[in-house]
Amino acid sequence: MKDNKFLFSASTCAFQIEGARNLGGRTDSIWDEFTKRNFTIPPVGVAKREINSIEVAADFYHKYKTDVRIMKKLGLNAFVYNMDWTRIFPWDSTTINPEGIKFYIDLFEQLTNAGIKPIPILYHWDTPMWAQLQGGFENRDIVEWFRTYAKTCFKYLGKYTDTWFVNDENSTFTQSAYLSDYLPPARNDKTAFVKALHNLNLTAAVAKEEFELAKVAQYLNKDAILGIDHDWNPAIDYEGDQNSVAVKQYNEWWMKLFLDPNLKGQYPQCFYDYIAEHKIKFEIPVQDLEYLKKHKLDFIGWNYYRPIYVSKNEHQDNKQKFIAPPSESHLKELTFVYPKDCDYTKWNWLIDESRLVSGAIELSQRYGKDIPIMIIENGMGDFDDKSQSMIKDYDRIDYLKRHIREVLKAREFVNMIGYSLWTYCDIYSPSGGYRKDYGLVSVNFNSPLRTRKPKLSYVWYQNVIKNEGKELEFDKKYLENEYQKILDEWDIFYQ
Ligand code: BG6
């Protein structure tokens, strides 16, 4: 990466906004299958899981030109987009869908022309069904299937950007989709988990090998970087001992297990212990470790939503102190607790920005003093009141303000290259469906046109970007006046 300007960005993800699931040659992925099979709609206004159709979602597939106009007006420096493997390879591992790749070329072209740097993430939990039917990430062949996909993206999209990621949140994906049945492919099987995690790590290494070859072929700039995007929630010891066994165990697993393979070319001891303890028939070949070491990734994307309280005690008799029952982890002496005297979102996600600076320092201490770190997801899911002409999401502004302040502080200690909030517009959320609003831009999911409208947080972030984060506090009256001006000129080109 040549340019070292700090990036103010926004992120989102294909299966959560794109729609057009069976258009442009696309076939089903595991998310299509999962959402069709598990349809669940709780009563309106209830903060529960909604599993709904992603057939149209925010219709980004048809509305991306409008969205790029909205992003340009917002002033975004970059746009992080979790791409869709199935759109580019809908039929098998080798046949490129010309319409699929063209969609991304057009999107990247529009972004570039608007002065917005595209930052692609190649994989976000959304395996093509043709691959899943052959075992998906449990089948070692996926590594070569992924190689072709990565190579294709670098070849056709390499000229638009020098900042890339391979995988999003291996931790959430493998634990919720392979160790439990919360996310697709809902395997709930320890052996499947071990295999899937190892193969995911290998997909990153083959992508890195192809990335370097794409530089030689001049598809990519020689300074381009390829990273891993990880959702580590820093642990806070409930008993106040930050050196506790609980914190150490937590970090061994939640930080090192998901970052070490692609950043250091090794697995922490806890992975070998886990395999032995559960008598899993799987050995990590020495050649794989050598391969991981040879093709390490360049930087870290960090998804920071919240820290997590851990305790060595089970607290089953202490329930009145918590907002939710303590949950045991699969590690010994490690329970997750949710203390009452903290701030939470309506979805009971802890709001606490205090571990952002120390967490960033911990990451750089482990993975290299100068390793670039970029916040790739940070945002607040809420029920926004959309009944008035102005959507005054002050709680979201407050959440973002508190976190951006810490991100900018972290720049004094680590090589923090940018901040990307979650998310540009309202999306389909894995835990809240269409009821959990995240966007700076509201999407009317009841309208066939999926009309867009800015929220107050859009105006706030626009001002933050304009002054490069030097000012985060704005007078309410000023913001609302600016908001009104924007709403007045929000014509059909923006809707
Ligand atoms: C991240 C995922 O873990 O969390 C996103 O990468 C997701 O896909 C985000 O939307 C927020 O989670 P949720 O379930 O509230 O949408």
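This report concerns the structure included in the present document. (Residues numbered from 1 in each chain as written. Predicted model: local features only at pLDDT ≥ 70, side-chain atom pairs only at ≥ 80, totals over all residues. Heavy atoms only, no water.)

## Details of the nonpolar core
Judged by nonpolar contacts, the single largest core of 168 residues is most densely connected at Trp85, Phe154, Trp302 and Tyr461. With 13 residues, the single largest contributor to this core is helix H9 (residues 190-216). (Core = buried A, V, L, I, M, F, W, Y, C linked by side-chain atoms within 4.5 Å. Buried < 20%, exposed > 50% of the residue type's maximum accessible area, 1.4 Å probe, protein only. Helix = DSSP H or I, 4+ residues; strand = E, 2+ residues; numbered from the N terminus.)

## A look at the site of the ligand
Around the ligand there are 15 residues in total, and Gln16, Glu169, Ser429, Lys436 and Tyr438 lie nearest to it. Ser431 places a polar side-chain atom, nitrogen or oxygen, 2.7 Å from an oxygen atom of the ligand. Between Tyr438 and the ligand, the recorded distance is 2.6 Å, taken from a side-chain N or O atom to an oxygen atom. Across the complex, the protein chains shield 94% of the 370 Å² of accessible surface that the ligand would expose by itself. (Near = heavy atom within 4 Å. Polar contact = N/O pair within 3.5 Å; in protein donor to acceptor, adjacent residues only side chain to side chain. Areas by Shrake-Rupley, 256 points an atom, 1.4 Å probe, with all protein chains shown as cover.)

## Regarding the sheet that holds strand S6 (residues 235-237)
Neighbouring strands of a sheet are bound in pairs by backbone hydrogen bonds; such pairs are parallel or else antiparallel. Within the open sheet, the 4 strands sit side by side as S6-S8-S10-S9. Their pairing is mixed. The open sheet has two edge strands, S6 and strand S9 (327-328), and neither has a second partner. The pairing of S6 with strand S8 (residues 308-311) spans 3 bridges and is classified as parallel. Within the sheet, the bridge partner assigned to Ala235 lies in S8 and is Ile308. Against the sheet, helix H10 (residues 245-263) engages S6, S8 and strand S10 (335-337), with an angle of about 125° to S8. (Pairing = 2+ DSSP bridges. Contact = heavy atoms within 4.5 Å. Axes fitted to C-alpha atoms, helices over the stretch in contact; angles between N-to-C directions.)

## Quick look at the pairing of strand S7 (residues 299-303)
Counting buried residues along S7, 5 of its 5 residues qualify, which places the element largely inside the surrounding structure. Here S7 shows no split at all, with Phe299, Gly301 and Asn303 on one side and Ile300 and Trp302 on the other all buried. Note that strand S5 (residues 225-230) and S7 share 4 bridges and pair parallel. Bridge pairing in S7 places Gly227 opposite Phe299.

## Some remarks on the packing of helix H13 (residues 356-367) against helix H14 (residues 394-410)
Running from amino to carboxyl end, H13 crosses H14 at an angle of 40°, the nearest separation of the two axes being 8 Å. By the angle between their axes, H13 is oblique relative to H14. You can see that H13 and H14 cross each other, and the crossing is right-handed. Residues Leu356, Val357 and Ala360 of H13 form the contact with H14, whose participating residues are His403, Glu406, Val407, Lys409 and Ala410. By residue class, the composition of the contact of H13 with H14 is 5 nonpolar, 1 polar and 2 charged. (Parallel < 35°, antiparallel > 145°, perpendicular 65-115°, else oblique. Left-handed = near helix turned anticlockwise from the far one by under 90°. Nonpolar A, V, L, I, M, F, W, Y, C, P; charged D, E, K, R; others polar.)

## What to know about H14
The periodicity of an α-helix, 3.6 residues per turn, causes residues three or four positions apart to be oriented the same way. Given a rise of 1.5 Å per residue, 17 residues ought to cover 24 Å, and the 24 Å separating the end C-alpha atoms of H14 matches this to within 8%. Burial runs high along H14: 12 of the 17 residues are buried. Among all positions in H14, only Arg396, Ile397, Tyr399, Leu400, Lys401, Arg402, His403, Ile404, Glu406, Val407, Leu408 and Ala410 are buried. (Expected span 1.5 Å × (residues − 1).)

## What to know about the sheet that holds S5
Here 8 strands make up a closed barrel; going around it, the order is S1-S2-S3-S4-S5-S7-S13-S14 and the pairing parallel. With direction set aside, neighbouring strand axes in the sheet form an average angle of 25°. As judged from the 2 bridges shared by strand S3 (residues 117-123) and strand S4 (residues 163-168), these two strands associate in the parallel manner. Along S4, the bridge assignment pairs Ile121 with Phe165. Running over the sheet, helix H8 (residues 170-177) touches S3, S4 and S5 and is turned about 45° from S5. Where H9 meets the sheet, its contacts fall on S3, S4 and S5, and the angle it forms with S4 comes to roughly 160°.

## Structural notes on the side chain of His403
Its place among the elements puts His403 in helix H14. The contact partners of His403, leaving out residues within four places of it in the chain, are Tyr304, Tyr305, Ile351, Asp352, Glu353, Leu356 and Asn378.

## Focus: the pattern of salt bridges
Across all of its chains, the model carries 39 salt bridges by this definition. Across the pair Lys36 and Asp28 runs a salt bridge whose closest N-O atoms are separated by 2.9 Å. Across the pair Glu489 and Lys73 runs a salt bridge, and its minimum N-O distance is 2.7 Å. With Glu489 in the segment after helix H16 (476-488) and Lys73 in helix H3 (residues 60-74), the pair connects residues that are 416 residues apart, well separated along the chain. Residue Glu489 is classed as partly exposed on the basis of its relative accessible area of 43%. Within the structure, one salt-bridge network assembled from shared partners comprises Asp384, Lys386, Asp393, Arg396, Asp426, Asp437 and Lys455. (Salt bridge = Lys/Arg side-chain N within 4 Å of Asp/Glu carboxyl O.)

## Description of the packing of aromatic side chains
Taken as a whole and judged by the stated rule, the model has 49 aromatic pairs. Note on Tyr123 and Phe173: the rings are 5.7 Å apart at their centroids and 70° apart in plane angle, and the pair reads as edge-to-face. Here Phe173 lies in helix H8 and Tyr123 lies in strand S3, a separation of 50 residues in the sequence. Grouping residues by exposure puts Tyr123 and Phe173 together as buried. (Phe/Tyr/Trp six-rings, centres within 6.5 Å; stacked < 30°, edge-to-face > 60°.)

## Structural notes on the pairing of S4
Burial runs high along S4: 6 of the 6 residues are buried. The pairing of S4 with S5 spans 4 bridges and is parallel. Residue pairing in the sheet places Trp164 in a bridge with Leu226 of S5.

It is worth stressing that arrangement in space is one thing and function is another; only the former is reported here.
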